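Single-letter residue listing:
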Amino acid sequence: SEEAIEIVEKAMLLNPSIPAWYLKTLATAYASSGRQTEAVATYKRVFDRNPSHADKFNAHLILAILYVGLGQEENARAEVEEILKLVPNFSVEVWGQRNHNKDQAQIEREMAALRKAGLN
């Protein structure tokens, strides 16, 4: 994760127009290295980059998970509202089944966080 952070930060210096996927990659690396506050701040920047529908959805989803982990349930619930605007019939169970992560324990933790944030 630390190496990924260094690489993406360098790429951002070389390409000042910073595409949304740079920010998502950097935020994911921050989260993986335990730097949740920096991950949240970076995911919020995704919305400034004219993201696609999928990028917006994923950013709101991960922000909800991160906020639950930080004990910021009110912020997590605000992200849930945005998720449901984008995907009104969102299902935590279906999301878990379609998740490509091979770490089932992580998927379960994230599903629990999404439920705690108010998603079903």
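Conventions and cut-offs
Counting from 1, residues in each chain are numbered in the order their sequence is written. In keeping with the model being predicted, local features are shown solely for residues with a pLDDT of at least 70 and side-chain atom pairs are shown and tallied solely at 80 or more, while totals for entire chains, interfaces and linings include all residues. As a rule here, side-chain values come from all non-hydrogen atoms in the structure, and water together with hydrogens is ignored. Each reported salt bridge corresponds to a side-chain nitrogen of Lys or Arg within 4 Å of a carboxyl oxygen of Asp or Glu. A helix here means a DSSP run of H or I that spans at least four residues, while a strand means a run of E at least two residues long, and both kinds are numbered starting from the N terminus. Only protein chains enter the accessibility calculation, which uses a 1.4 Å probe; a residue whose area is less than 20% of its type maximum is buried, one above 50% is exposed, and one in between is partly exposed. As used in this record, nonpolar core signifies buried Ala, Val, Leu, Ile, Met, Phe, Trp, Tyr and Cys residues forming a set joined through side-chain atoms within 4.5 Å.

Trainee: Please clarify how the pattern of salt bridges should be interpreted in this entry.
Mentor: Side chains that differ in sign of charge can pair as their charged atoms come close. Tallying each qualifying case throughout the model produces six salt bridges. Linking Lys24 and Asp55 is a salt bridge whose minimum nitrogen-to-oxygen distance equals 2.6 Å. Highlighted residues: Lys24 in helix 2 (residues 20–32) and Asp55 in helix 4 (residues 53–69), separated in sequence by 31 residues. With its nearest N and O atoms 2.7 Å apart, the salt bridge here joins Glu38 to Arg35. Among the residues examined, Glu38 registers a relative accessible area of 33% and is labelled partly exposed. Residue class for Arg35 comes out partly exposed when judged on its relative accessible area of 26%. Connected through shared salt-bridge partners, Glu2, Arg35 and Glu38 make up one network.

Trainee: What exactly am I supposed to notice about the nonpolar core here?
Mentor: It is characteristic of soluble globular proteins that their nonpolar side chains tend to be buried jointly. With 36 residues, the main nonpolar core has Phe90 and Leu114 as its most contacted residues. Counting only elements with at least two residues in this core, the list comes to helix 1 (2–14), helix 2, helix 3 (36–46), helix 4, helix 5 (73–86), helix 6 (92–98) and helix 7 (104–117). Per-element tally for this core: the top contributor is helix 4, with nine residues.

Take it as geometry only, folks, not as evidence of what the structure does.
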